[in-house]
Amino acid sequence: MKLNNDLKLTVEKDIVSTIEKVWEILTEPQYIKEYLYGTDAISDWKEGSSLIFKGEWEGNAYQEKGTILEFQKPEKFSYSYFTLFFELPDLPENYAKIENKLTEKNGIVTLQLTQTGFVSEEKLNHSIQNWNQCLEIIKNIAEK
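What you see is a predicted model; the values in this text were computed from it and never measured.

Draft legend 1. Layout of the environment of Lys 101. Locating Lys 101 in the fold gives a position in strand β6 (residues 96–105). Remark: the alpha-carbon pair of Lys 101 and Asn 140, spanning 39 residues in sequence, is separated by 18 Å. What Lys 101 contacts, discounting residues up to four positions off in sequence, is Glu 75, Lys 76, Thr 110, Leu 111 and Gln 112.

Draft legend 2. Up close: the nonpolar core. Of all hydrophobic cores here, the largest spans 39 residues; its most connected members are Tyr 35, Leu 51, Phe 77, Tyr 79, Trp 131 and Ile 138. Elements with a contribution of two residues or more to this core: β1 (4–16), α1 (19–27), α2 (29–35), β3 (50–57), β5 (76–81), β6, β7 (108–118) and α3 (121–142). Sorting elements by how many residues they give to this core places α3 first, with seven residues. When sequence neighbours within four positions are dropped, the list of residues in contact with Tyr 35 reads Ile 25, Leu 26, Cys 134, Ile 137 and Ile 138.

Draft legend 3. Here's a closer look at the pattern of salt bridges. Using the criterion set out here, one finds nine salt bridges in the structure. Glu 99 serves as the salt-bridge partner of Lys 101, at 3.8 Å between the closest nitrogen and oxygen. Linked by salt bridges that have partners in common, Glu 70, Lys 76, Lys 97, Glu 99 and Lys 101 make up one network.

Draft legend 4. Region of interest: the side chain of Thr 114. When you line up the elements, Thr 114 lands in strand β7. Its relative accessible area of 9% is what places Thr 114 among the buried residues.

Draft legend 5. Here's a closer look at unusual backbone geometry. Of note, the bond from Lys 73 into Pro 74 is cis; its omega dihedral lies within 30 degrees of zero at -5°. Along the polypeptide, Pro 74 turns up in the loop between β4 (60–72) and β5. Positive phi, normally seen in glycine, also occurs at Trp 45, with a value near 60°. With respect to the secondary-structure elements, Trp 45 resides in the loop between β2 (40–42) and β3. Residue classification places Trp 45 among the buried positions, given a relative accessible area of 16%. Of note in this structure, Asn 106 is not a glycine but carries a positive phi near 55°. Along the polypeptide, Asn 106 turns up in the loop between β6 and β7.

Cut-off values and rules
Residues numbered from 1 in each chain as written. Predicted model: local features only at pLDDT ≥ 70, side-chain atom pairs only at ≥ 80, totals over all residues. Heavy atoms only, no water. Helix = DSSP H or I, 4+ residues; strand = E, 2+ residues; numbered from the N terminus. Contact = heavy atoms within 4.5 Å. Core = buried A, V, L, I, M, F, W, Y, C linked by side-chain atoms within 4.5 Å. Buried < 20%, exposed > 50% of the residue type's maximum accessible area, 1.4 Å probe, protein only. Salt bridge = Lys/Arg side-chain N within 4 Å of Asp/Glu carboxyl O.

Next comes the structure, spelled out in structure tokens:
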């Protein structure tokens, strides 16, 4: 099994907020922990820096990682991403890419998340469901 970069998902959410507020929620560790299932995100938040995700899922500790590819405040944040969920060896070709784009028009921020690279349609569909939940949480926080 290997990572298939032809498998790609895109989810979008319109949020009544400012682009600066949504950016803050998207990239600040205390908010990431809120919308990403209790995950701690560790980085110095600069292009080329490592990004570590640590947490516990169903009683099991995990650590996932990547590299920040783009950090263009407040419009684009992308990173490579290695997850044990795909059950692949830790090799460069097995890193997915996650890209967040923010646009703002008339008081509505559109957050578009794209993930490229999955091992199967099943894992892709599972991720669509999870990312939709995460974006809904981001929307709820931003619109408070």
